[in-house]
Amino acid sequence: MSTGTDRTSSAGNEGASPKAAAAFAAATIYMWLECILRLWFSKGGDAYLRLWGQRAGDIAAMWLAMIVVGLAAYFVFAAVWSKRAAVGTVRAWTVLLVVSAIVAPLLGEWGQAIGI
Amino acid sequence: MVAYRFGPFEIGPHTMWLGAHGVFMLGVLVCVAFLAGAVWFARPEDRKLVPALRVASLLNLLAMLALMITGLVPDIGFEKGQAFSGVLRTDFGVFRSAVTDANVGAFTGPLLFDLMEHVSFVVPGLAALLCFLVWHYGRRVAENGAVRGAMLSVLILMAGWVLVIGNLGLYVTKVLTFPYTR
């Protein structure tokens, strides 16, 4: 992993530390989980599998599930990658996260009526 | 929770929740503006800036969580069709407001209203990652171009989503609930 202090020369090939890579991976999973749960709940998924049935409860339960899975993913990836010096590059993880955080929530709304 | 009167204004629980929601939104915007400016202009010799960045990123995450919760809690009453109703009598006439799940849905539809509710989960996830990166990389935020670029990308993305979702929220809470005369 680069430890240089130059602001530009290390940009692009800076290796992501295992913990940073685990955080990026967890955040990316968090984004896609929003998409999956949203599609599941809006496309007639089994309501009994929801944590609780009220409308706002669905929303809170969905967020809670995303947080718990995201945190679990962080600790799993951090443990798996703990022996490695670097996991991918910071730039590659950033691109993956940015694309996921834009595409996943929009895909999650697929098929919703605009209603205006 | 009871409603309180201040002169011609009556402040009920929904108004209080919305007020708190707006204050936390302001807090988020202040923290994000500081973080964006500080990260953008940070130089390797600016190591004393790191504690401020850490505090700002943590405050930003906490304000974001409070913003989410104050946005979720008033939503509980929507399913009962009693989300917002009131009468304001002034010298200029009688103004009524009545917003229920049905008529909010009729205006915004599942796409916009549900998008505001569900896509908003993306933003605290980004705020948490931003906070983690600041605390994890410390002074390298000011030193390393790749880390700085990652932080700015997350900040811009977070600001973009906040802008979209915040405007949908403003439309629902400020435009649709604007009193009308009868």
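Residues numbered from 1 in each chain as written. Chains lettered and ligands numbered in written order. Predicted model: local features only at pLDDT ≥ 70, side-chain atom pairs only at ≥ 80, totals over all residues.

Moving on, we come to the overall build of chain A. Along its length, chain A carries three helices and zero strands. In chain A, buried positions account for 35% of the 116 residues. Residue pairs in contact within chain A that sit at least 24 positions apart in sequence constitute 84% of those at least 6 positions apart. (Helix = DSSP H or I, 4+ residues; strand = E, 2+ residues; numbered from the N terminus. Buried ≥ 20, exposed ≤ 12 C-beta atoms within 10 Å, placed from the backbone. Contact = placed C-beta atoms within 7 Å.)

The next point concerns the overall build of chain B. Scanning chain B for helices and strands turns up six helices and five strands. Starting at the N terminus and ending at the C terminus, chain B contains elements arranged as β-β-α-α-β-β-α-α-α-α-β. Across chain B, contacts joining residues at least 24 apart in sequence account for 73% of those joining residues at least 6 apart.

All names here are of chain A. Of all residues in chain A, 72% have pLDDT values of 70 or greater, and the mean over the chain is 80. Mean pLDDT per element in chain A: helix 2 (residues 55-80) is the minimum at 86, and helix 3 (residues 90-108) is the maximum at 93. Every residue in residues 1-11 is under pLDDT 50, and counting partners more than four places away or in other chains gives 20 contacts. (pLDDT = per-residue confidence, 0-100.)

Turning to the packing of helix 1 (residues 18-42) of chain A against helix 4 (residues 122-137) of chain B, a few remarks are in order. The interhelical angle for the contact between helix 1 of chain A and helix 4 of chain B, taken along N-to-C directions, is 180 degrees, at an axis separation of 10 Å. Relative to helix 4 of chain B, the element helix 1 of chain A lies roughly antiparallel. Here helix 1 of chain A contributes Lys19, Ala20, Ala23, Ala27, Tyr30, Met31 and Glu34 of chain A to the contact with helix 4 of chain B, which in turn contributes Val122, Gly125, Leu129, Phe132, Leu133 and His136 of chain B. Within the contact of helix 1 of chain A with helix 4 of chain B, the residues separate by chemical class into nine nonpolar, two polar and two charged. (Axes fitted to C-alpha atoms, helices over the stretch in contact; angles between N-to-C directions. Parallel < 35°, antiparallel > 145°, perpendicular 65-115°, else oblique. Nonpolar A, V, L, I, M, F, W, Y, C, P; charged D, E, K, R; others polar.)

On to the packing of helix 2 (residues 49-72) of chain B against helix 4 of chain B, then. Residue and element names in this part refer to chain B. Remark: helix 2 packs on helix 4, axes separated minimally by 9 Å, with the N-to-C direction vectors making an angle of 160 degrees. Compared by their axis directions, helix 2 and helix 4 come out roughly antiparallel. Between helix 2 and helix 4 lies a crossing of left-handed hand. Residues Leu53, Arg54, Ser57, Leu58, Asn60, Leu61, Met64, Leu65 and Met68 of helix 2 touch helix 4, and the partners they reach there are Val123, Pro124, Ala127, Ala128, Leu130, Cys131, Val134 and Trp135. Of the residues assigned to the contact of helix 2 with helix 4, the class counts are 14 nonpolar, two polar and one charged. (Left-handed = near helix turned anticlockwise from the far one by under 90°.)

Right, let's get into helix 3 of chain A. For an α-helix the count is 3.6 residues per turn, leaving residues at separations of three or four pointing the same way. All names here are of chain A. Under the 1.5 Å per step criterion, the end-to-end length of helix 3 is 26 Å for 19 residues, consistent within 8% with the ideal 27 Å. Of all bends in helix 3, the biggest is about 25 degrees, found at serine 100. Among all positions of helix 3, only Val90, Trp93, Thr94, Leu97, Ser100, Ala101, Ala104, Pro105 and Gly108 are buried. (Expected span 1.5 Å × (residues − 1). Bend = angle between axes of the 7 residues up to and from the residue.)

Core analysis: the biggest nonpolar cluster contains 72 residues, and Ala21 of chain A together with Leu130 and Leu133 of chain B have the highest contact counts within it. Looking at which element gives the most residues to this core, the answer is helix 1 of chain A, with 15 residues. (Core = buried A, V, L, I, M, F, W, Y, C linked by C-beta atoms within 7 Å.)

Residue and element names in this part refer to chain B. Tracing the backbone through its elements, the reader meets alanine 33 in helix 1 (residues 13-41). Overall, the presence of 13 C-beta atoms within 10 Å leaves alanine 33 in the partly exposed class. With 126 residues separating them along the chain, alanine 33 and alanine 159 place their C-alpha atoms 9.3 Å apart.

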